[in-house]
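Structural description and commentary
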Amino acid sequence: MLRTLETFVAIHRHGTFSRAGARIGLTQSAISAQMKRLEVDLDVALFVRSQRHATLTDEGRRLLPLAEQLLELAARIPSLIRQESPGGRLRVGAIASVQSGLLPDAISNYKAEFPAVDLQILPGVSMQLLDWADTGAIDLALLVRPPFALPRELRWQALWREPYVLISPNAQQQDTVQQLLTSQPFIRYDRSSYGGRLVQAFLARHRITVRDGMELDDLEAIVRMVERGLGVSLIPVTHALQLNGRQVRIWPLGKDTFYREIGLITGHQRDTDVICNAFIDTLKRLVPLDTSPERRQ
């Protein structure tokens, strides 16, 4: 049964019988035979089959979290019998600023407490991480809060928020943020990212027309461009991005300050799992109190 459940979960994650087979080393006919037996045993249809995709039925969606819990428990049985610290696999996706910010300390603290856990870190942008969490390819995603409602299977937990500031080259002498934004080349935080959409909304809200110079998706690269005198930018102040000591001038936005909220998404019942919850608790202990989402100005 466990092997069949592994195949079932693989089909959901990879979308088709053939792609799942390629990942787990089974032929398409072998996978089809396993699923037919599982459907007969459970007396339900688990997939709506088509040439291009295998979509879960309502019964299949109800089975999915149960199958994942059973597989996770099976993986932990050896360590539980030996009364060792909990083991298993935890796949964590993270955006770049989290990877170079709190994540190294979180991993170090977590591994000290749970050395038997196979902790895998997968880098990605927020949109990509959300998709992976939704398909079950990762267990936990650390990302910018999406600007839309999440699928009902996913759960959002806010961790901290990051204020946006304007940065300019040190030599800039204009007195106001408005003057800088309208007179200097604008180095834009990628509009396809969730954080970049917040910048676009700010500009639209204040009816500011900028002189677009370039558009980048890496915050460190944006800071370096500004240091070289190539323009100004609106960016979030992250844990990893140390602006003090850089060759830029920081312009707070005052009452117009807006924020990027960083948090985590869990799905497929992983938010009830011991090793997943322990990692979340480790992260929360490292978040400075003055960046908590509850402390809104």
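Residues numbered from 1 in each chain as written. Predicted model: local features only at pLDDT ≥ 70, side-chain atom pairs only at ≥ 80, totals over all residues. Heavy atoms only, no water.

This part is about helix α1 (residues 2–14). Along its 13 residues, α1 runs 18 Å from first to last C-alpha, staying within 8% of the 18 Å computed at 1.5 Å per residue. All buried positions along α1 are accounted for by T4, L5, T7, F8, V9, A10 and I11. (Helix = DSSP H or I, 4+ residues; strand = E, 2+ residues; numbered from the N terminus. Expected span 1.5 Å × (residues − 1). Buried < 20%, exposed > 50% of the residue type's maximum accessible area, 1.4 Å probe, protein only.)

The subject of this paragraph is the packing of α1 against helix α2 (residues 17–24). Packing of α1 against α2 brings their axes to within 8 Å, and their N-to-C directions diverge by 120 degrees. As the angle between them shows, α1 and α2 are arranged oblique. Along this stretch, α1 crosses α2, giving a crossing that reads as right-handed. Contacts from R3, T7, A10, I11 and H14 of α1 reach α2 at F17, R19, A20, R23 and I24. (Axes fitted to C-alpha atoms, helices over the stretch in contact; angles between N-to-C directions. Parallel < 35°, antiparallel > 145°, perpendicular 65-115°, else oblique. Left-handed = near helix turned anticlockwise from the far one by under 90°. Contact = heavy atoms within 4.5 Å.)

Glancing now at the environment of I280. Residue placement: I280 occurs in helix α11 (residues 274–286). For I280, a relative accessible area of 2% puts it in the buried group. Each C-alpha atom of the pair I280 and L264 lies 8.4 Å from the other, and the pair is 16 residues apart in sequence. Setting aside its immediate chain neighbours within four residues, I280 contacts L140, Q157, L264 and T266.

Another aspect to go through is the nonpolar core. Grouped together as the largest cluster of nonpolar side chains are 36 residues, with contacts concentrated most on L90, Y110, L142 and F279. Broken down by secondary-structure element, the contributors of at least two residues to this core are β3 (88–94), α6 (103–113), β4 (117–123), α7 (126–135), β5 (140–144), β6 (154–169), β11 (259–267) and α11. With six residues, the top contributor of residues to this core is α11. If you look at the next biggest cluster of nonpolar residues, it comprises 28 residues, including V165, I187, V210 and V248. (Core = buried A, V, L, I, M, F, W, Y, C linked by side-chain atoms within 4.5 Å.)

Once that is clear, we can look at the packing of aromatic side chains. Under the defined criterion, the tally for this structure stands at seven aromatic pairs. The interplanar angle of 75 degrees and the centroid separation of 5.7 Å between the aromatic rings of F17 and F47 together place this pair among those described as edge-to-face. One end of the pair, F17, is in helix α2; the other, F47, is in strand β1 (residues 47–49), with 30 residues separating them in the sequence. As far as burial versus exposure is concerned, F17 and F47 are alike and both buried. Through pairs of rings, three or more aromatic residues link up here, namely F8, F17 and F47. The ring of Y259 carries the charged tip of R161 above its face, separated from the ring centre by 3.8 Å. Cation over ring: R249 sits above W251, and NZ or CZ is 4.1 Å from the ring centre. (Phe/Tyr/Trp six-rings, centres within 6.5 Å; stacked < 30°, edge-to-face > 60°. Lys NZ or Arg CZ within 6 Å of the ring centre and 35° of its normal.)

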